[in-house]
Amino acid sequence: MQFSSRLLEQAVDEFGRLPGVGKKTALRLVLYLLKQPDADVSRFTGSINLLKENIRYCKNCFNISDQEVCEICVSPKRDHETICVVEDTRDVMAIENTNQYQGVYHVLGGLISPMDGVGPSDLKIEALIDRLRSGNISEIILALSATMEGDTTIFYLSRKLKEFDVQVSTIARGIAFGGELEYVDELTLGRSIATRVPLSEK
């Protein structure tokens, strides 16, 4: 791709580093921004700067938050005895959109993947164990993607959770193997949460 401007090329290169954005899409986005009023572009870049400078991770569940503790964790309307374990914030959003779950969450920050050099110590697993030791938890729902990495993480967690008197369940497999949780339609995901099964029955 030939560029008439080095500045244009640099901007396209930066946009092209975003996941799912190819060179042509990056060029469209950059050209679109160039046509916008300065105030709109400043607001756009300002919101990204504010995000990077001020975003926090909830100290309880590690979900993205504006505060030290997220709105879900502080809500008196949530069932704080039930923890839904997910890979990342996108999965929290996907499950919340189903309106089928009223407990709280624990965001692992990834999945165990030896091929990618991601081990248990790289995830928020010990923080989950600490929550079980210090809190009155009755159920852990393992809502992880139906992939090899997801199943590996479920197997590891199930062994770690055996020492606790807590029910461990997984979402029902209405989700095809190899499917990423964030891409599942809300109806299927909602039913999978509502019809979750004990891990031993998987």
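Reading guide: rules and limits
Residues numbered from 1 in each chain as written. Predicted model: local features only at pLDDT ≥ 70, side-chain atom pairs only at ≥ 80, totals over all residues. Heavy atoms only, no water. UniProt positions renumbered as here; feature names shortened; annotations may be inferred. Core = buried A, V, L, I, M, F, W, Y, C linked by side-chain atoms within 4.5 Å. Buried < 20%, exposed > 50% of the residue type's maximum accessible area, 1.4 Å probe, protein only. Helix = DSSP H or I, 4+ residues; strand = E, 2+ residues; numbered from the N terminus. Contact = heavy atoms within 4.5 Å. pLDDT = per-residue confidence, 0-100.

The name given to the protein in an unreviewed UniProt entry is Recombination protein RecR, with the source organism recorded as Sphingobacterium paludis. On record in UniProt, under Sequence similarities (unreviewed entry), the comment for the protein is "Belongs to the RecR family." Recorded in UniProt for the protein, the comment headed Function (unreviewed entry) runs: "May play a role in DNA repair. It seems to be involved in an RecBC-independent recombinational process of DNA repair. It may act with RecF and RecO."

Draft legend 1. Here's a closer look at the nonpolar core. With 38 residues, the main nonpolar core has Cys84 and Ile140 as its most contacted residues. Within the residue set of this core, elements represented by two or more residues are α4 (71-74), β3 (79-86), α5 (89-96), β4 (103-107), α6 (125-134), β5 (139-142) and α7 (148-160). Setting aside residues no more than four positions away along its own chain, Cys84 makes contact with Ile95, Tyr101, Val104, Tyr105, His106, Ile141, Ala143 and Ile193.

Draft legend 2. Looking closely at unusual backbone geometry. Even without glycine at this site, Phe62 takes up a positive phi of about 70 degrees. Positionally, Phe62 belongs in the loop between β1 (56-57) and β2 (64-65).

Draft legend 3. Layout of the confidence of the model for the protein. Residues with a pLDDT of 70 or more make up 86% of the protein, whose mean pLDDT is 88. Mean pLDDT across the elements of the protein bottoms out in helix α8 (residues 186-194) (66) and peaks in β4 (97).

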